[in-house]
Amino acid sequence: MAALSFQTVAFAQLAPDFGSPGKHKGRISFKLAGDAFHESDESYVSEQNEVFFYLPLYQNENSTYAATAKSYNLSFNNLVSSSDFVPVNDLHSVQYGFAWAKEDADKNTWGLSGNYGSASDKPFESADVSAFDLTLTRKISKTPTSSWIYFLNYSNNRSFLNNIPLPGFAYTFIEEDKTSGGVIGLPFVTYWLRPSEKLSMSVFYLIPARLNLQAGYMISRPFQLNAKLEHGQQTFFRAGRVDKKEQIYYETSKAALSVKTFLGKDTFFDLEYARIFNRSLYDGTSVFDETSERLRMPNEWQVTLSGQVAF
């Protein structure tokens, strides 16, 4: 079950995909993370919280109109800079959006989604900390188990090539016996494999610097044990910055074990224990152009409770 849902998770990085238009479910997902314990008086993350809502407002036989909202908060304690990076205590991202999808008689789909909000150390303080994106998608079914997806994305808060409309494409497929599948395209690649009824594995890479690896073993339904290795970045705008192209980058890696409890096709809870390492904060105009030294932070142990409820 975890492997079969991974394809949707990967593509949702750019365009939400909740199944066939007209049959979408409402969803609430959350993530609550905090220190298991901190090992010194040096800087560490005190909490990391995320909440996402997806609410269909109107649906008919082949189309869906929905509203979305997302809130993310990252807080630091005892953050002292050993570089020219100016410390921040809190980073926030708040987004409100919409999603529309329509399927035609040939099972091909048009989709449009957008978000507006703020991603900053001081959200909504001024117009230059506003964050927005818009994605147009076209899905063309080739067979019952494969399709081509084309999309055009605009965003002012990427880790590179901000404020430039970026086209992309992907080929999605699932083997008829549902033992493997994936999405191969630009700017991401994902592949999942289920060698046996209990074992599943997946890999996801998003250009330029996000990588997720996961292996899962179904101990006894509904409990699944997962091992994860992740690396990624998040971007925010510093309020009052002189160079409007600059962003704050938070980069981190994670190795984790978790127990996931499935309560339905789209409903689950996950309790995770992780080691967070290779953490840093820096300013830059892109992931390839750092404008400050990196503020390196110590490793830490972290406990995370996450979940999703569909209705």
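Rules of the game
- Residues numbered from 1 in each chain as written.
- Predicted model: local features only at pLDDT ≥ 70, side-chain atom pairs only at ≥ 80, totals over all residues.
- Heavy atoms only, no water.
- 1 Å grid on protein atoms, 1.4 Å probe; cavity = no way out; pocket = protein on both sides within 12 Å on 5 of 7 lines; lining within 4 Å.
- Points joined across faces, edges and corners; volume = space filled by probe spheres on them.
- Nonpolar A, V, L, I, M, F, W, Y, C, P; charged D, E, K, R; others polar.
- Core = buried A, V, L, I, M, F, W, Y, C linked by side-chain atoms within 4.5 Å.
- Buried < 20%, exposed > 50% of the residue type's maximum accessible area, 1.4 Å probe, protein only.
- Helix = DSSP H or I, 4+ residues; strand = E, 2+ residues; numbered from the N terminus.
- Contact = heavy atoms within 4.5 Å.
- Polar contact = N/O pair within 3.5 Å; in protein donor to acceptor, adjacent residues only side chain to side chain.

## Overview of the layout of surface pockets
A water-sized probe, rolled over the atoms, reveals where empty space remains. By volume, the second largest pocket is sized at about 180 Å³. D128, N156, L161, N162, N163, I164, F237, R241, K244, K245, Q247 and T285 together form the lining of the second largest pocket. Across the lining of the second largest pocket, the residue classes tally to three nonpolar, five polar and four charged.

## Concerning the nonpolar core
Counting residues in each nonpolar core, the largest one holds 19 residues, and the members touching the most others are L74, F76, L91, I248, Y250, L281 and M297. At the level of elements, β3 (63-77), β14 (247-264) and β17 (295-297) are the ones that each hand at least two residues to this core. Not counting residues within four places of it along the chain, the set of residues in contact with Y250 comprises V45, L74, F76, G232, Q233, Q234, R279, S280, L281 and M297. Within the second largest apolar cluster, seven residues are counted, among which are F151, A170, F188 and F204.

## Topic: the environment of P123
Residue position: P123 is located in the loop between β5 (109-120) and β6 (130-143). Setting aside residues no more than four positions away along its own chain, P123 makes contact with H92 and S118.

## Topic: the environment of S141
Along the chain, the position of S141 falls in strand β6. Counting along the chain gives 57 residues from S141 to K198, while the straight-line C-alpha distance between them is 30 Å. Once residues within four sequence positions are removed from consideration, S141 is found in contact with D106, K107, N108, S146 and S147. Here the side chain of S141 touches K107 through a polar contact of 2.9 Å, landing on its backbone oxygen.

## A look at unusual backbone geometry
Note that the residue after L186, namely P187, is joined by a cis bond; omega there is 15°. Mapping P187 onto the fold places it in the loop between β9 (180-186) and β10 (188-193). Between R221 and the following residue, P222, the backbone shows a cis peptide bond with an omega angle of 10°. Its place among the elements puts P222 in the loop between β12 (210-220) and β13 (223-236). In this structure, K178 takes a positive phi of about 60° despite not being glycine. Its relative accessible area of 47% is what places K178 among the partly exposed residues. A positive phi angle, near 50°, is found at N278, a position not held by glycine. Position of N278 among the secondary structure elements: in strand β15 (residues 267-286).

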